[in-house]
Amino acid sequence: MSAPSVSARPSAVGLGMPQVPRVRRSREEVEEAAPVSGEKRVLLAAPRGYCAGVDRAVVAVEKALEHHGAPVYVRKEIVHNRHVVDTLTERGVVFVDELDEVPEGALTVFSAHGVSPAVVEEAAQRNLRTIDATCPLVTKVHREAVRFAKQDKRILLIGHDGHEEVEGTFGEAPEHTTVINDVAEARTVQVEDPDNLIWLSQTTLSVDETLEIVSVLRERFPHLQDPPSDDICYATSNRQAAIKSISPECDLVIIVGSANSSNSVRLKEVAAEYGASRAERVDFANQVDESWFEGVATVGLSSGASVPEVLVQEVLALLAEYGYGQVDEVVTAEEDIIFSLPKELRAELKRVGDESRSLGGRRRDAEA
Ligand code: SF4
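Residues numbered from 1 in each chain as written. Predicted model: local features only at pLDDT ≥ 70, side-chain atom pairs only at ≥ 80, totals over all residues.

Describing the overall build of the chain
Piece 1. For the chain, the count of helices and strands is 12 helices and 14 strands.
Piece 2. Compactness check: the chain gives a C-alpha radius of gyration of 22 Å against a globular reference of 21 Å for 368 residues, within 12% of the reference.
Piece 3. Counting only C-alpha atoms and orienting by the principal axes, one finds that the chain spans roughly 70 × 55 × 35 Å.
Piece 4. In the chain, buried positions account for 44% of the 368 residues. (Helix = DSSP H or I, 4+ residues; strand = E, 2+ residues; numbered from the N terminus. Rg over C-alpha atoms; globule rule 2.2 N^0.38 Å. Buried ≥ 20, exposed ≤ 12 C-beta atoms within 10 Å, placed from the backbone.)

Structural data, given as structure tokens:
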């Protein structure tokens, strides 16, 4: 029997997180506890990880640091990922909950989740220099809210109360908007003019649950209008489709992503709904519990839209230690979307001749 392994998140990745090693049971001990029938393997979902909006937001903060130096203030988490936030904090980013924590005149980035007009106004009053890293696909929903409010429609905004994205979209048209959190609220919401309704949604919801909510609303309000195009973004839909395709074959699905990442949490739920015997979410490989592997032949693996690939690779390395060395990537869609950097930053980069931002030159540039 081999010695138990000690696992900690490698220092090359983690900055600022406590490195708490813990003694793991060995592969042999886990297999002894519950033998595995069949070949061990990993089904690695693709697409997974960073979406274009997250990529843009993180690069925007990095460029701001590079060109303006620390500190750079960011309102709320730039994206909902523990590793990203900790790494940027180490590099001199100061994350704040509200703008009154930012010194007058300081450089401040708005997160990928977007802000309400009231926040933009407050920033102007405090003479903050701002970079708006709101994902263009969130901005699209904001514009829809403004447009439909101008038409005096009642907007039923499907999303999670308290999530920053919902707060921002709601703030575009508070007098015209009602937030619908779930099916139960869809069944009970009261509206004054049922013939003048349109629904919009948060970008990172479960596709299936949203359709169910819309179906309940439409049953009650047959004249409910659809948004001009899907609000749930391509990245959310693609990652859910990929996890749906592998989950029926999986004894265990592991989603890498943070607890406050809406799309990561949805992936875990979708995995369980679509047949995975067990679904778990972790921020880091060292949170994977080896008892999850007992009797498990097929492990599914994916990550939320705010998760750097290095964190997935760490989980793969851990899985290999436990005999899951065979990795089959299951690709259900190709993504080549890339968003231009926020305009405030583009102008600055152009002025100083910084052409280095091409998002690695990996993909075609698409104007936000
Ligand atoms: S998950 Fe979708 S809406 Fe959110 S940042 Fe990524 S692309 Fe934009």
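Topic: helix H8 (residues 207-220)
Piece 1. The end-to-end C-alpha separation of H8 is 20 Å, in line with the 20 Å expected for 14 residues at 1.5 Å each.
Piece 2. All buried positions along H8 are accounted for by Thr210, Ile213 and Leu217. All buried residues of H8 project into a common sector of 60° when viewed along the axis, lining one side. Relative to its buried face, H8 has exposed residues pointing more than 90 degrees away, namely Leu211, Ser215 and Glu219.
Piece 3. Lining the buried residues of H8 we find strand E8 (154-158), strand E9 (177-180), helix H7 (183-188) and strand E10 (197-201). (Expected span 1.5 Å × (residues − 1). Arc of directions from axis to C-beta. Contact = placed C-beta atoms within 7 Å.)

Re the domain arrangement of the chain
Piece 1. The domain architecture assigned to the chain consists of domain 1 (29-50 + 234-331), domain 2 (53-134 + 337-352) and domain 3 (137-220).
Piece 2. Each partner contributes to the interface: domain 1 provides 11 residues, whereas domain 2 provides nine residues.
Piece 3. Residues of the side of domain 1 that touches domain 2, tallied by class, amount to six nonpolar, four polar and one charged. (Domains from an automatic or database assignment. Nonpolar A, V, L, I, M, F, W, Y, C, P; charged D, E, K, R; others polar.)

Here we look at the site of the ligand
Piece 1. Residues in contact with the ligand amount to 15 residues; listed here are only the nearest, Cys51, Gly53, Cys135, Thr203 and Cys233.
Piece 2. Listed by contribution, the elements that provide at least two residues to the shell around the ligand are helix H2 (52-68), helix H5 (136-150) and helix H9 (234-246).
Piece 3. With three residues, the top contributor of residues to the shell around the ligand is H2.
Piece 4. Of the residues contributing to the shell around the ligand, the split by class is 10 nonpolar, five polar and no charged. (Near = placed C-beta within 6 Å.)

Side note on the sheet that holds strand E12 (residues 279-282)
Piece 1. Spatially, E12-E11-E13-E3-E14 is the arrangement adopted by the five strands of the open sheet, whose pairing is parallel. The open sheet terminates on both sides in strands that have one partner only, identified here as E12 and strand E14 (327-331). Here the average twist between neighbouring strands, direction ignored, is 25°.
Piece 2. Both strand E3 (residues 41-46) and strand E13 (residues 298-303) contribute to a ladder of four bridges, which runs parallel. When the bridges of E13 are listed, valine 42 appears paired with valine 299. (Pairing = 2+ DSSP bridges. Axes fitted to C-alpha atoms, helices over the stretch in contact; angles between N-to-C directions.)

Here we look at the nonpolar core
Piece 1. Of all hydrophobic cores here, the largest spans 58 residues; its most connected members are Ala57, Ala60, Val61, Ile78 and Val109.
Piece 2. Apart from residues no more than four positions distant in its own chain, valine 109 is found in contact with Ala60, Val61, Ala64, Val72, Val74, Ile78, Ile131 and Ala133.
Piece 3. Among the nonpolar cores identified, the runner-up in size contains 35 residues, and Leu43, Ala276, Ala279 and Phe284 belong to it. (Core = buried A, V, L, I, M, F, W, Y, C linked by C-beta atoms within 7 Å.)

Description of the pairing of E9
Piece 1. Across four bridges, the pairing between E8 and E9 is parallel. Its bridge partner being in E9, isoleucine 155 is matched across the sheet by threonine 177.
Piece 2. With respect to chirality, the unit in which E8 leads through helix H6 (residues 164-172) into the neighbouring parallel E9 is right-handed. (Right-handed = clockwise from strand over helix to strand, strands pointing away.)

Digging into the environment of glutamate 185
Piece 1. Mapped onto the elements of the fold, glutamate 185 is located in helix H7.
Piece 2. Sequence separation of glutamate 185 and leucine 156 is 29 residues, and the distance between their C-alpha atoms is 11 Å.

Looking at the packing of H9 against helix H10 (residues 262-273)
Piece 1. The interhelical angle for the contact between H9 and H10, taken along N-to-C directions, is 25°, at an axis separation of 9 Å. Considering the angle they form, H9 stands roughly parallel to H10. In this structure, H9 crosses over H10, and the sense of that crossing is right-handed. For the pair formed by H9 and H10, the contact residues are Thr236, Arg239, Gln240, Ile243 and Lys244 on the first element and Asn263, Arg266, Leu267, Val270 and Ala271 on the second. (Parallel < 35°, antiparallel > 145°, perpendicular 65-115°, else oblique. Left-handed = near helix turned anticlockwise from the far one by under 90°.)

With respect to the UniProt feature "active site" (unreviewed entry) in the chain
Piece 1. Following the UniProt record, one finds the feature "active site" (unreviewed entry) at Glu165.
Piece 2. As for its placement among the helices and strands, glutamate 165 is situated in helix H6.
Piece 3. A count of 24 C-beta atoms within 10 Å places glutamate 165 in the buried class. (UniProt positions renumbered as here; feature names shortened; annotations may be inferred.)

Describing the packing of H5 against H6
Piece 1. At a minimum axis separation of 8 Å, H5 and H6 run at an interaxial angle of 30°. With respect to H6, the axis of H5 lies roughly parallel. Seen from above, H5 lies across H6 with right-handed handedness. Contact residues: Val138, Val141, His142, Ala145 and Val146 in H5; Glu165, Gly168, Thr169 and Glu172 in H6.

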